[in-house]
Amino acid sequence: MLATSGPVGVMGGTFDPIHLGHLAAASEVAHRLGLAEVVFVPAGRPWQKSGRPISPGDDRWAMTVLATAADPRFTVSRVDLDRPGPTYTVDTLRDLRAHYGPDRPLFFITGADALGQFRTWRDPDEVLALAHLVGVSRPGHPLPPPGLAEQSVSLIEVPALAISSSDIRARVADGRPVRYLVPDGVDHYIGKTGLYRDRA
Ligand code: NAP
């Protein structure tokens, strides 16, 4: 049963594909910050991404559901996939604030690298009013995001984040295994659908 009160982590990412590093990061942040729930939110159209096609939203959604199903603290939201237009975190947080109501603190969790560009995001001050930011990174890469006050952001190191989605895509394209880097269901889904097999 999901908690109906307590702080909520909002795990934002492209999840192309989701991997064990993402799950370890969500679990570590939930433990450290005492989160009652972590909702994974696959991005719809990540507007600052260029140079490579993103896998269809329905595939990224299906893999995220498969990956999170076994953990009672984890849920998945379609708010970014179902909203037309580019994905802005301020819209994600407005939608989730409406869904969860005014009383549940929100913690927006994403890669510390992604937060490096935070000041270029749409309505960054409203984002900060809606949620506390959590940047997760692998050890040895402490990246205090520029332009962010210390009290607005927590940085948490997660060893398992040595796994990366780009490495997994490259491994599949080369015919190398990704078993034990992604949950079994995601490994099977990638094999069955042929995702990432063609590097292009
Ligand atoms: P990205 O640039 O693809 O990712 C940058 C780095 O962060 C990569 O190393 C990535 O590793 C890691 N990362 C991304 N999400 C993560 C997560 N939830 N947990 C741990 N590591 C993560 O980032 P992105 O996926 O496009 O964007 C991340 C989030 O920021 C999304 O929710 C997106 O909507 C939001 N964002 C918002 C704006 C805006 O509002 N204007 C602009 C940019 C991003 P992997 O590739 O292994 O995940």
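The structure presented is a predicted model; accordingly, all values stated were derived computationally and were not measured.

### Looking at the sheet that holds strand S5 (residues 132–137)
- Reading across from one edge, S3-S2-S1-S4-S5-S6 is the order of the six strands in this open sheet, with parallel pairing throughout. Looking at strand neighbours, the two that pair on one side only are strand S3 (74–76) and strand S6 (153–157), the edges of this open sheet. Between one strand axis and the next, the sheet turns by 25 degrees as a mean value, whatever way the strands run.
- Bridging between strand S1 (residues 8–13) and strand S2 (residues 37–42) involves six bridges; their strand directions are parallel. Within the sheet, the bridge partner assigned to Met11 lies in S2 and is Phe40.
- Along the sheet, helix H1 (residues 20–33) makes contact with S1, S2, S3, strand S4 (106–111), S5 and S6, crossing S2 at roughly 145 degrees.

### Here's the deal with the packing of helix H2 (residues 57–68) against helix H8 (residues 184–193)
- Two elements in contact, H2 and H8, have axes whose closest approach is 8 Å; the angle formed by their N-to-C orientations is 150 degrees. Classified by the angle between their axes, H2 and H8 sit roughly antiparallel to one another. Each of Asp58, Asp59, Ala62, Met63, Leu66 and Ala67 in H2 lies in contact with H8, whose residues at this interface are Gly185, Val186, Tyr189, Ile190 and Thr193.
- Across the contact of H2 with H8, the residue classes break down as seven nonpolar, two polar and two charged.

### Topic: helix H7 (residues 165–173)
- Along H7, the positions that sit buried rather than exposed are Ser165, Ile168, Arg169, Ala170, Arg171 and Val172.
- Tucked into the core, H7 has its buried residues touching H1 and H8.
- The first or second residue beyond H7 is Gly175, which carries a positive phi of 80 degrees.

### Looking at H2
- Compared with an ideal rise of 1.5 Å per residue, which puts twelve residues at 16 Å, H2 spans 16 Å between its outermost C-alpha atoms and is within 8% of the ideal.
- Among the residues making up H2, those that are buried are Asp59, Arg60, Ala62, Met63, Thr64, Ala67 and Thr68.
- Against the buried residues of H2 lie H1, S2, S3, helix H3 (79–82) and H8.

### A word on the packing of aromatic side chains
- With the rule as written, the count across this model stands at four aromatic pairs.
- Ring-pair connections join several aromatic residues into one group, and the members of that group are Phe15, Phe40 and Phe74.
- We note Arg78 situated over the ring of Trp61; from NZ or CZ to the ring centre the distance is 5.0 Å.
- Its guanidinium or amino end placed over the ring of Tyr88, Arg122 lies 4.0 Å from that ring's centre, counting from NZ or CZ.

Reading guide: rules and limits
- Residue positions within a chain follow its written sequence, with the count starting from 1.
- Selection of residues for local features in this predicted model requires a pLDDT of at least 70, selection of side-chain atom pairs for listing and counting requires 80 or more, and totals for whole chains, interfaces and linings are taken over all residues.
- Where side-chain values are given, they derive from all heavy atoms of the structure, hydrogens and water being excluded.
- A strand pair is defined by DSSP finding two or more bridges across the two strands.
- Helix numbers and strand numbers start at the N terminus; a helix is a DSSP run of H or I with at least 4 residues, a strand a run of E with at least 2.
- Only the stretch in contact is used when fitting a helix axis, every axis being a line fitted to C-alpha atoms; angles between N-to-C directions are given from 0 to 180 degrees.
- Contacts between residues were defined by any pair of non-hydrogen atoms, one from each residue, lying within 4.5 Å.
- Should an angle fall under 35 degrees it is called roughly parallel, over 145 degrees roughly antiparallel, and 65 to 115 degrees roughly perpendicular, with every other angle called oblique.
- The classification used treats Ala, Val, Leu, Ile, Met, Phe, Trp, Tyr, Cys and Pro as nonpolar, Asp, Glu, Lys and Arg as charged, and all other residues, Gly among them, as polar.
- Residue burial is assigned from relative accessible area. The probe radius is 1.4 Å, only protein chains are included, and a residue is buried under 20% of its type maximum, exposed over 50%, and partly exposed in between.
- Under the convention used throughout, the expected extent of a helix is 1.5 Å for every residue step, that is, one less than its residue count.
- Only the six-membered ring of Trp is used, alongside the rings of Phe and Tyr, when aromatic pairs are assigned; centres must lie within 6.5 Å, and planes under 30 degrees apart are stacked while those over 60 apart are edge-to-face, with the rest tilted.
- Lysine and arginine charges are scored as sitting over a ring when NZ or CZ, respectively, is within 6 Å of the ring centre and within 35 degrees of the ring normal.

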